[in-house]
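Examining the three-dimensional arrangement
For reference, the chains in residue letters:
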Amino acid sequence: MKLFDTLGPVMVGPSSSHTAGAVKIGYITRKLLGNSPVHADITLYGSFAATGAGHGTDRALIAGLLGMKPDDIRVPDSFSLAKQSGLDFYFALESAKRGNHPNTAKLIVTDLSGNTLEVVGASVGGGRVRICEIDGIRTDFSGDYHTIIVHNTDTPGHVAQVTTVLAQKNINIASMQLYRNVKGGYAVMILECDDKIPENMLSWLKDLDGILKITSYNREEDI
């Protein structure tokens, strides 16, 4: 057993799953959007919906969207800070469980340029999270690695293109997942890496035929 598993994350309480994990879901969503969100529609499911208000789940999600981390003392004040920063938000509650975990939230966020991202995340305990969906496509990653998410048409060659560029940049792949809605339709590849994803690499990949969208998440050591 790791020490982290016994003590849990460094955080502003009261709950590692309902508070610290919720901050991390919001933080990863902001990183994947690539900009500061100006609007967020958030749906809480299951236990998040039933007990989230008492644990500060709503404030924790907004704190993450503002770029805060679980140990930030400003987390309880996130609503007022959101107003100051120009982030407006709306919460909806769904008693039914979504997916395989009761602590689940769906965030639909928009930046000032009108770019929109939909993320479904679950807080699985001890401050750990799983990102379960991106833009309606099933995913499964933790945010514990530097991650690149490539949205592309489901045609041959895209995996080779991306992995070749990563190799050229000396970036080691820790894991890779491939998803699609239907054969020949819309596909997503998720690559968790040991090394940071450079911005210039993303700019180059965006210009390749068949690449529809690229988002990335470079984790920070203290989240």
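Cut-off values and rules
Residues numbered from 1 in each chain as written. Predicted model: local features only at pLDDT ≥ 70, side-chain atom pairs only at ≥ 80, totals over all residues. Heavy atoms only, no water. Helix = DSSP H or I, 4+ residues; strand = E, 2+ residues; numbered from the N terminus. Contact = heavy atoms within 4.5 Å. Areas by Shrake-Rupley, 256 points an atom, 1.4 Å probe, with all protein chains shown as cover. Salt bridge = Lys/Arg side-chain N within 4 Å of Asp/Glu carboxyl O. Buried < 20%, exposed > 50% of the residue type's maximum accessible area, 1.4 Å probe, protein only. Pairing = 2+ DSSP bridges. Axes fitted to C-alpha atoms, helices over the stretch in contact; angles between N-to-C directions. Left-handed = near helix turned anticlockwise from the far one by under 90°. Parallel < 35°, antiparallel > 145°, perpendicular 65-115°, else oblique. Nonpolar A, V, L, I, M, F, W, Y, C, P; charged D, E, K, R; others polar. Arc of directions from axis to C-beta. Core = buried A, V, L, I, M, F, W, Y, C linked by side-chain atoms within 4.5 Å.

Here we look at the overall build of the protein
For the protein, the count of helices and strands is 7 helices and 10 strands. Across the protein, contacts joining residues at least 24 apart in sequence account for 67% of those joining residues at least 6 apart. Summed over its atoms, the accessible surface of the protein is roughly 10600 Å², and 50% of this surface lies on carbon and sulfur atoms.

Re the pattern of salt bridges
Applying the stated criterion to the full structure yields 5 salt bridges. Where R74 meets D72, a salt bridge forms, and the shortest distance between an N and an O atom there is 2.8 Å. Two residues, R130 and D140, come together in a salt bridge whose shortest N-O distance is 2.8 Å. In this pair, R130 sits in strand β5 (residues 128-134) while D140 sits in strand β6 (residues 137-141), placing the two residues 10 residues apart along the sequence. By relative accessible area, R130 is classed as partly exposed at 28%. On the basis of relative accessible area, D140 is assigned to the partly exposed category, the value being 35%.

Things to note about the sheet that holds strand β2 (residues 88-94)
Spatially, 6 strands are ordered β2-β1-β3-β4-β5-β6 in an open sheet, and the strand pairing comes out mixed. The open sheet has two edge strands, β2 and β6, and neither has a second partner. Taken over all neighbouring pairs, the strand axes of this sheet differ in orientation by 20° on average, direction set aside. Bridge count for strand β1 (residues 37-45) against strand β3 (residues 104-111) is 8 bridges, and the pairing is antiparallel. From the neighbouring strand, I42 faces β3, where its bridge partner is L107.

Section: the packing of helix α4 (residues 57-65) against helix α5 (residues 78-85)
The angle between the axes and the distance between the axes are what describe a pair of packed helices. In contact at an axis separation of 9 Å, α4 and α5 are set at 35° when each is read in the N-to-C sense. Handedness of the crossing formed by α4 with α5: left-handed. For the pair formed by α4 and α5, the contact residues are D58, R59, I62 and A63 on the first element and S78, F79 and A82 on the second.

Regarding the packing of helix α6 (residues 158-168) against helix α7 (residues 199-206)
Packing of α6 against α7 leaves a shortest axis separation of 11 Å and a crossing angle of 155°. As far as their axial angle goes, α7 and α6 are roughly antiparallel. Every pair of crossing elements has a handedness; the one defined by α6 and α7 is right-handed. For the pair α6 and α7, contact is made by V162, V165 and L166 and by M201, W204 and L205, respectively. Its residues placed into classes, the contact of α6 with α7 shows 6 nonpolar, no polar and no charged.

Here we look at α6
Restricting attention to buried positions, one finds in α6 the residues H158, V162, V165 and L166. For α6, the angular spread of buried residues about the axis comes to 100°, placing them on one side. Summarising the geometry of α6, the exposed residues directed more than 90 degrees from the buried face are A167 and Q168. Those residues of α6 hidden inside the fold are in contact with β7 (146-153), β8 (173-180), β9 (186-193), α7 and β10 (211-217). Backbone geometry just downstream of α6 places N170 in the positive-phi region, at approximately 60°.

Looking at the nonpolar core
Among the nonpolar cores identified, the biggest contains 37 residues, and L32, I42, L61, L65 and L107 are the most heavily contacted of them. Tallying contributions element by element places helix α2 (residues 16-33) first for this core, with 7 residues. Setting aside its immediate chain neighbours within four residues, L61 contacts A22, I25, G26, I42, L44, F91, A105 and L107. V165, M189, C193 and I197 belong to the second largest nonpolar core, which has 16 residues in total.

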